[in-house]
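Observations on the model geometry
Chain residues, written in single-letter form:
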Amino acid sequence: MSVSVLGIRHHGPGSARSLRDELERLKPDIVLIEGPPEADALAGLAADPGLRPPVALLAHVPGEPARAAFWPFAEFSPEWQAIRHAVRTGVPVRFCDLPAAHGLALDRDGSPDGPAGGGPGEGGPGAGAPDDGPREARPADAPGDGPRERGPDAPGPGAPAVPVDPIAALARAAGYDDPERWWEDAVEHRGDTPFEVIAEAMAAVRDGHVPDTREARREAYMRRTIRRAVKEGFERIAVVCGAWHVPALTGVPGADGAWGAGLPPVRADDALLRGLPKVKAEITWVPWTYGRLAAWSGYGAGVTSPGWYHHLFASADRPVERWLAAAAGVLRDEGLPVSSAHVIEAVRLAGSLAVLRGRPLAGLAEVTEAARAVLCEGDDLPVELIGRRMVVGERLGHVPDSTPMVPLQRHLREEQRRLRLKPEALDRELDLDLRKPLDLGRSGLLHRLRLLGVDWGVPARSRGKGTFRESWTLAWRPEFDVDLIEAGAWGTTVPAAASARARDLADDGQGAGRGSLADLTGLVERCLLADLPDALPYVLDTLAARAALDNDVTHLMAALPAMVRARRYGDVRGTPAEGLTAIVDALLTRICVGLGAAVTGLDDDAARDLLRHIDEVHAAVALLDDGPAGGASDDGVSGDEAPRGRWTAALRGLSGRSGLHGLIEGRLTRILLDAGDLGDAEAGRRMALSMSAGHPPARAAAWIEGFLSGGGLLLVHDARLLGLVDGWLAGLAPETFVDVLPLLRRTFGAFAAPERRSIGSRVRALGTRETAAAAADEIDEARAAAAVRTVLALLGRTETA
């Protein structure tokens, strides 16, 4: 019987190659791998060609999906190669780390020692953050883990430990200031480092080290698993674990060569593991990305360049030449001229740099500098492109349909196939035409997922015009599988779960302090976008009940625009929106009635907030009826009874009131002027009154700011408005002009510089046009007729044409 403890570095391509060769030599009859034992039943899925790394084991607590942990694997991960060897040769494979059920329980209970066994809380995205989401598992041999020393100012056992990186310690002993460069030189670029040498090095680093409770529990469970395999009669046992654990699992061979001498006794290990809290944990495979491997985390083991490590693992022959040739291909795809001569020269430069730096082979630093100097001609932007495409990589893993999933995950996979919407790791722009059934289905799926908290697609500004176009930015993240597991409580299909979630959100919006009326109207819009006819009536009823009890006009004004937009989607998406018209009409009526009380006694901040609501309601009302104010709408309702007419009448009644804030009065005057309800003369009179000596400068400034709100482009394109302002300004007395000038400077200073230049050009042109108009009155029409006939003849047209 022999037990071979093979120390590896997680996600190390050199370790993966050496391990693969060592397993072929040892021919073990069982393979034990550092990882959660709950995954033993899932290891066999590695034989399925549909399980393509990068993938991760995801452990979670049913009913508490946020309490979860990941164990990621790449093609170049030694653990993955060990799993592949076991399934290929038909030998049993087991995971030997502390079970996730204990690690997740310790995390939930807030144990001061932290979770045991590579569970959550040991690093990764959630390290040092609140327990509000899934986190990566972190083996103890990763950089930043391993032995922990307390700082000199530590007050006692409860003080945080300072992590020590064992690889950094070995690098310093070898005279390197960069642990990653030492690891590449000693292991990755060699591929033949004996495991005995790694074990001896780790034994030296661990000399005198006393493991903390977390680490001791993990190693105790690993020893228990090895003892169980020995007791079951396996003769050749291969243990694949982080190199840091090797001294704790090897011990000193006994006189008969049996494993276990010099290790802690069984009784001591059992005492460490006795009474650990435990929860029910479920585990499955999920896709992973190289981008997440590149993110700094414990389990990432410092792998900031997974694409480069994948290349080192896959290209044992001439890796530098192949890498730079591939980089040239990436640049050519982007239209950059890169020749074969560039590649040859870059290879030479990378090799020369490696020689100057005393390295056995050019590493990532050397090939990057060679690519920058030769392929990219010193430009950093193409170098960033190579880094994004190759150094990190675009790879997204895949799991087969036989993988255990919650029904919601399985239904989403079916929908992705039906709609031909493949998950991808990098951002992808997607433009949809909602008049096409396929694009309409895609839009509905993405909106439903957003209701469930799965932001696979994020809406972007549409490059087209019209409500039938949508633009999205798609990027799949591994955390979405956890979100789907959590959302599985709402239903087994995406539409059912989204409908249930919408009804729950509507219930949360009821009651004081539990959500605004605008939130409910926004939820109605989201239900229409997601095509949820089962949820829409319930949300509408909830909205109507809430609106009937809400007396705050600003709440009603905030709610109206979303309702108006939702009313329009019935035409574009083919989804009925019964009940929306009645609710919109009731909201608008209450706004028109209550607006008078809302505009009185406002300070500057309240006036600006109300002005924003007035503008939003005004834009929404413009969408309700297409006929001009005062005319008849399409359904025969007279202009005064139509929404636009009622809104204009309400504004007209307010505009003449005394005591209005200058910002509000100026804006109302402008709205009525644009609507044709005020003539130029009346608008000019109100402008002159607002700037009279009877008003303080601050109010005059607010009035002109409200009147000109909307940006400087309006003055550029609206000649009538520009002429009105210019005429008022030109008619001011010299002393009044001096008083008004600072106010105008404040208003026009908010415009962009190009807008101000365009306004100045238009003002200069005003005088030119007046001169031209005066000259036009003096034209001799009889003499001009001859010129007109000549021009028409040149154009081939008769005078009557």
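Predicted model, so just to flag it, every value in this text is computed and none were measured. (Residues numbered from 1 in each chain as written. Predicted model: local features only at pLDDT ≥ 70, side-chain atom pairs only at ≥ 80, totals over all residues. Heavy atoms only, no water.)

**Re the overall build of the protein**
Across its full length, the protein holds 33 helices and 13 strands. Within the protein, buried positions represent 49% of all 801 residues. Sequence separation of at least 24 residues holds for 71% of the intrachain contacts in the protein that already meet a minimum separation of 6. Taken as a whole, the protein presents about 36,300 Å² of accessible surface, with 54% of it coming from carbon and sulfur. (Helix = DSSP H or I, 4+ residues; strand = E, 2+ residues; numbered from the N terminus. Buried < 20%, exposed > 50% of the residue type's maximum accessible area, 1.4 Å probe, protein only. Contact = heavy atoms within 4.5 Å. Areas by Shrake-Rupley, 256 points an atom, 1.4 Å probe, with all protein chains shown as cover.)

**Here's the deal with the confidence of the model for the protein**
On average, the protein scores 79 in pLDDT, and the residues at 70 or more come to 80%. Mean pLDDT values for the elements of the protein range from 35 in strand 7 (residues 148-150) up to 96 in strand 2 (residues 30-33). Note that residues 109-163 has pLDDT below 50 and, in this model, 143 contacts with residues that lie over four places away or in other chains. Throughout residues 296-302 the model reports pLDDT below 50, and contacts reaching past four residues in sequence, or to other chains, amount to 30 contacts. (pLDDT = per-residue confidence, 0-100.)

**Let's talk about the pairing of strand 2**
Within a regular beta strand, the side chains point alternately toward one face of the sheet and then the other, so they alternate between its two faces. With burial as the criterion, each face of strand 2 is covered, one bearing Ile-30 and Leu-32 and the other bearing Val-31 and Ile-33. Sheet analysis places strand 2 next to strand 9 (residues 236-242), joined by four bridges and oriented parallel. Bridge pairing links Leu-32 to Val-239 in strand 9. Note that strand 2 and strand 5 (residues 93-95) share three bridges and pair parallel. (Pairing = 2+ DSSP bridges.)

**Let's talk about the sheet that holds strand 11 (residues 428-433)**
Ordered in space as 11-13-12, the three strands form an open sheet in which the pairing is antiparallel. The sheet is open, and its two edges are formed by strand 11 and strand 12 (457-460), each paired on a single side. Taken pair by pair, the neighbouring strands of this sheet meet at an average axis angle of 35°, ignoring direction. Sheet topology note: the strand 11/strand 13 (residues 469-474) ladder contains six bridges and is antiparallel. Across the sheet, residue Leu-430 finds its bridge partner in strand 13, namely Trp-472. Set on the sheet, helix 17 (residues 437-451) makes contact with strand 11, strand 12 and strand 13; between it and strand 11 the angle comes to about 120°. (Axes fitted to C-alpha atoms, helices over the stretch in contact; angles between N-to-C directions.)

**Thoughts on the sheet that holds strand 5**
Strand order in the open sheet made by the four strands is 1-9-2-5, with parallel pairing throughout. Lying at the two open borders of the sheet, with one neighbouring strand each, are strand 1 (2-8) and strand 5. Averaged over neighbouring strand pairs, the angle between their axes works out to 20° when direction is ignored. On the sheet, helix 1 (residues 13-26) packs against strand 1 and strand 9 and is oriented at approximately 170° with respect to strand 1. Packing of helix 2 (residues 78-89) onto the sheet brings it into contact with strand 1, strand 2, strand 5 and strand 9, and relative to strand 2 it is tilted by some 155°.

**Quick word on the packing of helix 17 against helix 20 (residues 517-529)**
Here helix 17 crosses helix 20 at 140°, and the two axes come no closer than 8 Å. By the criterion of interaxial angle, the relationship of helix 17 to helix 20 is oblique. Of helix 20, the residues touching helix 17 (which contributes Gly-444, His-447, Arg-450 and Leu-451) are Leu-523, Arg-526 and Leu-529. Each residue belonging to the contact of helix 17 with helix 20 can be placed in one class, and the counts come to three nonpolar, two polar and two charged. (Parallel < 35°, antiparallel > 145°, perpendicular 65-115°, else oblique. Nonpolar A, V, L, I, M, F, W, Y, C, P; charged D, E, K, R; others polar.)

**With respect to the pattern of salt bridges**
Per the stated rule, a full pass over the model turns up 35 salt bridges. The salt bridge partner of Arg-218 is Glu-34, with a shortest N-O separation of 2.8 Å. Taken together, the residues span a long stretch of sequence, with Arg-218 in helix 7 (residues 213-231) and Glu-34 in the loop between strand 2 and strand 3 (55-61) at a distance of 184 residues. Assigned by exposure class, Arg-218 and Glu-34 land together as buried. Asp-270 is paired through a salt bridge with Arg-224; the nearest N and O atoms lie 3.0 Å apart. (Salt bridge = Lys/Arg side-chain N within 4 Å of Asp/Glu carboxyl O.)

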